[in-house]
Amino acid sequence: MYELQGVSKRFGSTQALHPLTLRLPTGRTTVLLGPSGCGKSTLLRLLNGLLSPDTGRVLFDGQPLPRDTEALLPVRHRVGYALQGGGLFPHLTGEENVTLMARHLRWPAARTRERLGALVELTRFPVEALGRYPAQLSGGQRQRVALMRALMLDPAVLLLDEPLGALDPLVRHELQGDLRAIFARLRKTVVLVTHDLAEAGFLGDDIVLMRDGRVVQQGGLSELEAQPADPFVTRFIQAQRPMPGGGAAA
Ligand code: ADP
Ligand code: MG
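Residues numbered from 1 in each chain as written. Chains lettered and ligands numbered in written order. Predicted model: local features only at pLDDT ≥ 70, side-chain atom pairs only at ≥ 80, totals over all residues. Heavy atoms only, no water.

### Digging into the pairing of strand β3 (residues 29-33)
In summary, the side chains of a regular strand alternate between the two faces of the sheet. Let me state the cut-off plainly: Only protein chains enter the accessibility calculation, which uses a 1.4 Å probe. A residue is then buried if its area is under 20% of the maximum for its type, exposed if over 50%, and partly exposed in between. To qualify as a helix, a DSSP run of H or I must reach at least 4 residues; to qualify as a strand, a run of E must reach at least 2; elements of each kind are numbered from the N terminus. Pairing between strands requires that DSSP locate at least two bridges from one strand to the other.
Among the five residues of β3, five are classified as buried, and the element is accordingly described as predominantly covered. Side-chain alternation along β3 places Thr 29, Val 31 and Leu 33 on one buried face and Thr 30 and Leu 32 on a second face that is also buried. Looking at chain direction, β3 and strand β8 (residues 189-194) are connected through five bridges and run parallel. Note on β8: the bridge partner recorded for Leu 32 is Val 193.

Printed below as a string of structure tokens:
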């Protein structure tokens with residue numbers, strides 16, 4: 001679905017991504033994993049054209065992503081994106097946030113209503129909370145709204161930046177289970193960012209482990225464990241092992 005060829009990105013003196021080459025397969029969930037600041041969000045924003053690469057190119061369905069906003073629009077409609085922290089508009093209700101793009105595209109009201117109903121069911125969002133503003137929703141509900149908004153146009157690709165980042169452990173656990181079921185049901189191409197190894201293993205078919213703007217290894221969790229490409233892989237995995245006595249590290 002995506003192919004990155006020699007893609008790099010710099011912000012001022014920070015080399016956020018060194019030239020990297022990567023394929024993200026269609027219909028699978030790829031998790032971008034790595035410590036804070038390693039370039040996960042930058043990579044995700046290159047995938048939907050919010051950022052343009054300094055070098056190299058991003059191919060989407062075999063075609064280079066266009067650079068100008070106008071030409072990018074049809075691609076954007078095929079790519080659902082939920083940014084880090086949810087990124088909901090605080091002055092719009094949950095429903096207004098979800099249906100924003102459909103209204104922009106002048107969907108007939110009946111079609112919008114039908115899609116909203118399907119999404120509420122899919123994400124197990126309480127219908128009666130649709131009229132609430134983000135500040136009146138719980139953290140988990142806000143994430144479900146962000147997910148519904150990303151899915152509204154039934155995109156081919158779903159990009160999720162730390163969708164479970166700021167949630168307490170119980171809500172996080174519940175949403176992890178829901179997300180996995182949703183990915184299995186939709187069979188879309190999903191690219192999800194996390195810094196949590198267990199979450200990456202639970203949700204991802206494939207993990208892309210990153211460090212300091214480089215891809216250290218791509219593969220399944222068991223592959224990373226059994227055949228680490230670099231000592232960093234093992235260190236990263238061991239740092240997130242449960243501690244003896246039942247506590248959790250990191
Ligand atoms: P991650 O999502 O893995 O935490 P990011 O992709 O957000 O990392 O950031 C990678 C690096 O690029 C960090 O050093 C960050 O400070 C820097 N960076 C990201 N976006 C910008 C920006 N818009 N301006 C300047 N520096 C940025
Ligand atoms: Mg980030």
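### Considering the pattern of salt bridges
Going by this rule: Here, a salt bridge means any Lys or Arg side-chain nitrogen found within 4 Å of an Asp or Glu carboxyl oxygen.
As enumerated under the stated definition, the model contains eleven salt bridges in all. Connected through salt bridges with shared partners, the residues Arg 124, Arg 144, Glu 174 and Asp 178 form a single ionic network.

### Here we look at the environment of Leu 20
For the record, the criterion: Contacts were defined at the residue level, with two residues in contact if any of their heavy atoms lie within 4.5 Å.
Positionally, Leu 20 belongs in strand β2 (residues 14-24). Take Leu 20: its relative accessible area is 4%, and that puts it in the buried class. C-alpha of Leu 20 to C-alpha of Thr 194: the two residues are 174 residues apart in sequence and 19 Å apart in space. Discounting chain neighbours no more than four positions away, the residues touching Leu 20 are Leu 4, Gln 5, Gly 6, Val 7, Leu 43, Gly 213 and Val 215.

### Some points on the sheet that holds strand β1 (residues 2-11)
Read across the open sheet, the four strands follow the order β2-β1-β4-β5; overall the sheet is antiparallel. Of all the strands in the sheet, the pair left with one neighbour each is β2 and β5 (63-64). Looking at chain direction, β1 and β2 are connected through seven bridges and run antiparallel. Residue pairing for β2: Arg 10 is matched across the bridge by Gln 15.

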